[in-house]
Amino acid sequence: MTLTIGPAPSLPDPRLVRRARLLAASSVSYNVVEAVIAVSAGLVAGSVALVGFGLDSMVEVSSGLVVLWQFRHPFPASRERTALRLMALSFFALAAYVGVESTRALVGGHEPDPSTVGIVLAAVSLAVMPFLSWAQRRTGRALGSAAVVADGTQTLLCTWLSAALLAGLLLNALLGWTWADPVAGLVIAAVAVREGIQAWRGEGCCATC
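Procedures and definitions
Residues numbered from 1 in each chain as written. Predicted model: local features only at pLDDT ≥ 70, side-chain atom pairs only at ≥ 80, totals over all residues. Heavy atoms only, no water. Helix = DSSP H or I, 4+ residues; strand = E, 2+ residues; numbered from the N terminus. Buried < 20%, exposed > 50% of the residue type's maximum accessible area, 1.4 Å probe, protein only. Areas by Shrake-Rupley, 256 points an atom, 1.4 Å probe, with all protein chains shown as cover. Phe/Tyr/Trp six-rings, centres within 6.5 Å; stacked < 30°, edge-to-face > 60°. Lys NZ or Arg CZ within 6 Å of the ring centre and 35° of its normal. Expected span 1.5 Å × (residues − 1). Core = buried A, V, L, I, M, F, W, Y, C linked by side-chain atoms within 4.5 Å. Contact = heavy atoms within 4.5 Å. Patch = residues over 30% accessible without salt bridge, like charges linked within 9 Å, V, L, I, M, F, W, Y side chains within 5 Å. Salt bridge = Lys/Arg side-chain N within 4 Å of Asp/Glu carboxyl O. Axes fitted to C-alpha atoms, helices over the stretch in contact; angles between N-to-C directions. Parallel < 35°, antiparallel > 145°, perpendicular 65-115°, else oblique. Left-handed = near helix turned anticlockwise from the far one by under 90°. Nonpolar A, V, L, I, M, F, W, Y, C, P; charged D, E, K, R; others polar. pLDDT = per-residue confidence, 0-100.

Q: Please clarify how the overall build of the protein chain should be interpreted in this entry.
A: Check the secondary structure of the protein chain and you find seven helices and zero strands. Ordered by position from N to C terminus, the α and β elements of the protein chain give α-α-α-α-α-α-α. Counting every position in the protein chain, which comprises 209 residues, the buried fraction comes to 47%. Of the roughly 10,300 Å² of accessible surface on the protein chain, a fraction of 68% belongs to carbon and sulfur atoms.

Quick look at the structure:
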């Protein structure tokens, strides 16, 4: 009987691996600071959307840590599916918490206080995140890594959530529309569910790889 041995898996480009690690570490560092500020300001103001944004930053942190864990292996592709599933679970946890709290705030007529700190934070994130997301997704495509692209997609999601948060906080601060805050929270929850489902199935990002 003749055994046919297929080609051995090739090692990824070390330069791209280093870039992926650097981008993941940068994302983790930024989002830790962002999470602390957002959750603290959200608790002070009673803002569900701001707390939810801070928790989304923690999802970003977990996503970056997953990528760092994946690329500690000499063959990162072997950890690809596990990495995507871990990202999906963090999205679902975020959506569950923010969705419940936003609904409770709407039904209960909760009125959050305006948050200048939250407005500034959302504006800064809206300016920074698109560039980080672009670099992550470009690196992920070059590596053929769905997990790295998914990490970049989560960063892009943070950009849109920054816009939703900024709109909700401004409407509350300038017009007194207190309902805008939990509505922004529901937007965050809905998008998190969508991204969680795609990460679990390996959809979206995988097609580009």
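Moving on, there is more to tell.
Q: What am I meant to see in the packing of aromatic side chains here?
A: Here the distance between the centres and the angle between the planes together describe a pair of aromatic rings. Overall, the coordinates contain one aromatic pair when judged by the stated rule. The aromatic ring of W200 is capped on one face by R85, whose charged end is 4.0 Å from the ring centroid.

Q: Could you clarify how one ought to interpret helix α1 (residues 14–45) in this entry?
A: Residues that lie three or four places apart on an α-helix share one face, since the helix turns once every 3.6 residues. Its 32 residues give α1 an end-to-end C-alpha distance of 46 Å, which sits within 8% of 46 Å, the value for a rise of 1.5 Å per residue. The first or second residue beyond α1 is G46, which carries a positive phi of 70°.

Q: Is there a simple way to think about the nonpolar core in this case?
A: If you look at soluble globular proteins, the nonpolar side chains tend to sit buried side by side. Membership of the largest hydrophobic core comes to 27 residues, with the highest contact counts inside it found for L50, F53 and L165. For this core, the secondary-structure elements that each account for two or more residues are α1, α2 (48–70), α3 (80–108), α4 (116–143), α5 (146–175) and α6 (180–201). When sequence neighbours within four positions are dropped, the list of residues in contact with F53 reads E34, A38, L121, S125, C158, L161, S162, L165 and I188. Counting 15 residues, the second largest nonpolar core, distinct from the first, contains A20, V67, M87 and V148.

Q: Honestly, a nonpolar patch on the surface in this entry has me stumped. Any pointers?
A: The grouping of L106, V107, L170, L174, L175, W177, W179, V183, L186 and V187 at the surface amounts to a nonpolar patch, some 910 Å² of accessible area in total. Elements represented by at least two residues in the nonpolar patch include exactly α3, α5 and α6. Along the chain, L106 turns up in helix α3. With relative accessibility at 36%, the residue L106 sits in the partly exposed group.

Q: Before we go on, may I ask you to explain the packing of α1 against α4 in this structure?
A: Two quantities define a packed helix pair, namely the angle between the helix axes and the distance between the axes. α4 packs onto α1 with a crossing angle of 160° between their chain directions and a minimal axis gap of 10 Å. Our classification of the angle between α1 and α4 gives roughly antiparallel. For α1 against α4, the interelement crossing comes out left-handed. Between α1, through L16, V17, R19, A20, L23, S27, Y30, N31, E34, I37, A38 and A41, and α4, the contact on the second element is made entirely by V117, L121, V124, S125, V128, M129, L132, A135, Q136, T139, A142 and L143. Its residues assigned to classes, the contact of α1 with α4 comprises 17 nonpolar, five polar and two charged.

Q: Looking at this structure, how should I read the confidence of the model for the protein chain?
A: The predicted structure's coordinates, where accompanied by low pLDDT, should not be read in detail. Overall, the predicted model of the protein chain reaches an average pLDDT of 77, with 85% of residues at or above 70. Under a pLDDT of 50 for its full length, residues 204–209 has, in the predicted model, 13 contacts with residues more than four places off or in other chains.

Q: Any chance you could explain the side chain of Q136 here in plain terms?
A: Structurally, Q136 is set in helix α4. If near-sequence neighbours (up to four positions away) are discounted, Q136 is found in contact with L23, S27, V148, D151, G152 and T155.

Q: What am I meant to see in the environment of S102 here?
A: Here S102 is to be found in helix α3. Taking C-alpha positions, S102 is 9.6 Å from V187, a pair spaced 85 residues apart along the chain. Discounting chain neighbours no more than four positions away, the residues touching S102 are V48, P182, G185 and L186.

Q: Which parts of the structure should I look at to understand the packing of α5 against α6?
A: Interaxial distance between α5 and α6 falls to 8 Å at its minimum, and their mutual angle equals 165°. One way to sum up the angle between α5 and α6 is to call them roughly antiparallel. When the axes of α5 and α6 are compared, the crossing they make is right-handed. Of the residues in α6, those touching α5 at T153, L157, L161, A164, G168, L169 and L171 are A180, D181, A184, V187, I188, V191 and E195. In the contact of α5 with α6, the residues fall into ten nonpolar, two polar and two charged.

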